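Notes for the structure review
One letter stands for each residue in the lines below.
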Amino acid sequence: MQEVNYSFGMIGLGTMGRSLLLNMADYDFKVAGYDKDIEKNSLLEIEGAGKPVKAFNILSEFVQSLQKPRSVMMLVPAGKIVDDVIEELLPLLDKGDLIIDGGNSHFTDTNRRVTYLDAKGFNFFGMGVSGGEEGARRGPSMMPGGNKEAYQHVKYIFEAIAAKVNGEPCVTYIGPGASGHFVKMVHNGIEYGLMQLISETYELLRKGLKLDNAGIQNVFAQWNEGRLQSFLIEITKDIFSYKKPGEDHLLLDDIKDEARSKGTGKWTSQVAMDLQLSATVIDTAVSMRDLSKYKSLRVQLATSFKNDGNNFSVPSKEEYLVSLEQAFYCAMIITYAQGMHLLSKASSEYGYQLNMADIAKIWRGGCIIRSGFLKEIYSAFQSDPALEHLLLDSKVQALVNETLPGIRTIVSGAVSAGIAIPAYAAAISYLDAITTGNMPSNLIQAQRDYFGAHTYELIGKDGVFHTEWN
């Protein structure tokens, strides 16, 4: 019989699973890992030499090695594989054991699994994990949601290994059901938006200002020292200085301009539309990744439509960079605001009871979208937990008003010069629309009633109405 010894088990010893186990072992938690791939098992044993960690390649031995009630986490690709692993596990577990899905599962799949496993007497929760390989190894941000009582059994482990900001761990119980995976999904949607804004900034710097790579690197380095400080700006700065050993040019210049995705941004856009909520920057970011894949078509069309930015002109490079910094800050605020609005709406719609301040707090460290601005988001929701929209906070309003001139200058100039910056444009258009007391949507209602008898409502009068327009 395998000795019952380990307090936590991990199924899936790829980069993330292995890194999380080693992180736990650093804090002297005795942990076990399982993978069908012998090489991954060997890598865990090698990297974990001298630590309280052991790899297994037989599932039953792995399960038997865990202390009861058992806590087993899966870090495997989302979809059918998660269900397959669960079915393999169930005959080996006892009722009351805990299964954790730490991958990027769609929240609807997590809902289904919560119901299924609860009926069988097993505890289950889905947990978003952000921070990539480095975060997993040194301190991630984690978003567990599901069975609250079951979470208490592993809370001490996750709080120990999480990133810390001001001594506070970047992990908290999110809420019931699939709330943890929902919050991680929206996190990833925000990530899509911010990455698209950074890539458009790159386009403005190289095609508009005609800066070389060293000049672009300097801009991002300076930004990362100021209010735009964030993980994504930091790694962008590093990318603009990385050359392969022996090479005399940036690796970036060898990479194809076709962006891939794993679907979480698309899921964010889809659920926002399902909830009838606008998330234009995220939608645009998803669309532009899709558009980037049509490389041959883009090259073909580029010969017919000249938009090389040669008619781009600015008063001075220094003034333009000031405006660009303002523009990015404003668009960043809008991107976070759209994501937080979606979380607020989903919390009400799905009964998640989300603590928005806590979510902002755990995103401040360890995760991909960590940034200095999250302190402002945390402060806004801490002051008013029922805040419907981030733009209702007076301090955030002041920041937006301060940076508005910059984003208007940048967007209008880029459009005139034929430089595509759709996420920037989506951000300012969203702001202009959501701050408009009277939108032109009354015309749409009239049109719908004209051609389809879909009815309309009147100002100051109850009821719905229809007109024979012709």
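Each value, and the rule that gives it
Residues numbered from 1 in each chain as written. Predicted model: local features only at pLDDT ≥ 70, side-chain atom pairs only at ≥ 80, totals over all residues. Heavy atoms only, no water. Helix = DSSP H or I, 4+ residues; strand = E, 2+ residues; numbered from the N terminus. Rg over C-alpha atoms; globule rule 2.2 N^0.38 Å. Buried < 20%, exposed > 50% of the residue type's maximum accessible area, 1.4 Å probe, protein only. Contact = heavy atoms within 4.5 Å. Areas by Shrake-Rupley, 256 points an atom, 1.4 Å probe, with all protein chains shown as cover. Lys, Arg positive; Asp, Glu negative; His and termini not counted. Charge placed at Lys NZ, Arg CZ, Asp CG, Glu CD. Phe/Tyr/Trp six-rings, centres within 6.5 Å; stacked < 30°, edge-to-face > 60°. Lys NZ or Arg CZ within 6 Å of the ring centre and 35° of its normal. Axes fitted to C-alpha atoms, helices over the stretch in contact; angles between N-to-C directions. Parallel < 35°, antiparallel > 145°, perpendicular 65-115°, else oblique. Left-handed = near helix turned anticlockwise from the far one by under 90°. Pairing = 2+ DSSP bridges. Right-handed = clockwise from strand over helix to strand, strands pointing away.

Counting its secondary structure elements, the protein contains 20 helices and 11 strands. Since a compact globule built from 470 residues should have a radius of gyration of about 23 Å, the 25 Å found for the protein is in line with a globular shape. Taking all 470 residues of the protein together, 50% fall into the buried category. In the protein, the proportion of contacts linking residues at least 24 apart, taken out of those at least 6 apart, comes to 69%. As displayed, the protein has an accessible area near 22300 Å², and 51% of this comes from carbon and sulfur atoms. Distance between charge centroids for the protein: 2 Å, based on 45 positive and 55 negative side chains.

The next thing to look at is the packing of aromatic side chains. Per the counting criterion, the structure on display carries 22 aromatic pairs. In textbook terms, an aromatic cluster arises when at least three aromatic residues are bridged by ring pairs, as seen for Tyr202, Phe220, Trp223, Phe240 and Phe328. The ring of phenylalanine 56 has lysine 54 sitting right over it, with the charged end atom 5.4 Å from the ring centre. Just above the ring of tyrosine 202 sits the side chain of arginine 206; from NZ or CZ to the centre is 4.5 Å.

It is worth spelling out the packing of helix H9 (residues 179–208) against helix H10 (residues 213–223) at this point. Viewed as axis vectors pointing N to C, H9 and H10 meet at an angle of 135 degrees, and their least axial separation amounts to 10 Å. Of the possible angle classes, the one that applies to H9 and H10 is oblique. Judged by the sense of rotation from one axis to the other, the crossing of H9 with H10 is right-handed. In this structure, H9 uses Ile198, Thr201, Tyr202, Leu205 and Arg206 to contact H10, whose residues at the interface are Ile216, Val219, Phe220 and Trp223.

Residue alternation in strand E4 (residues 71–74) divides its side chains into two sets, Ser71 and Met73 and Val72 and Met74, and both sets are buried. Relative to E4, strand E1 (residues 8–11) runs parallel, the two being bridged by 3 bridges. For glycine 9, the partnering residue across the bridge sits in E4 and is valine 72. Of the strand pairs in this sheet, E4 and strand E5 (residues 98–101) are connected by 4 bridges, and their pairing is parallel. Counted as the bridge partner of methionine 74 is aspartate 101 from E5. Considered for its hand, the β-α-β crossover made up of E4, helix H4 (residues 80–89) and E5 is right-handed.

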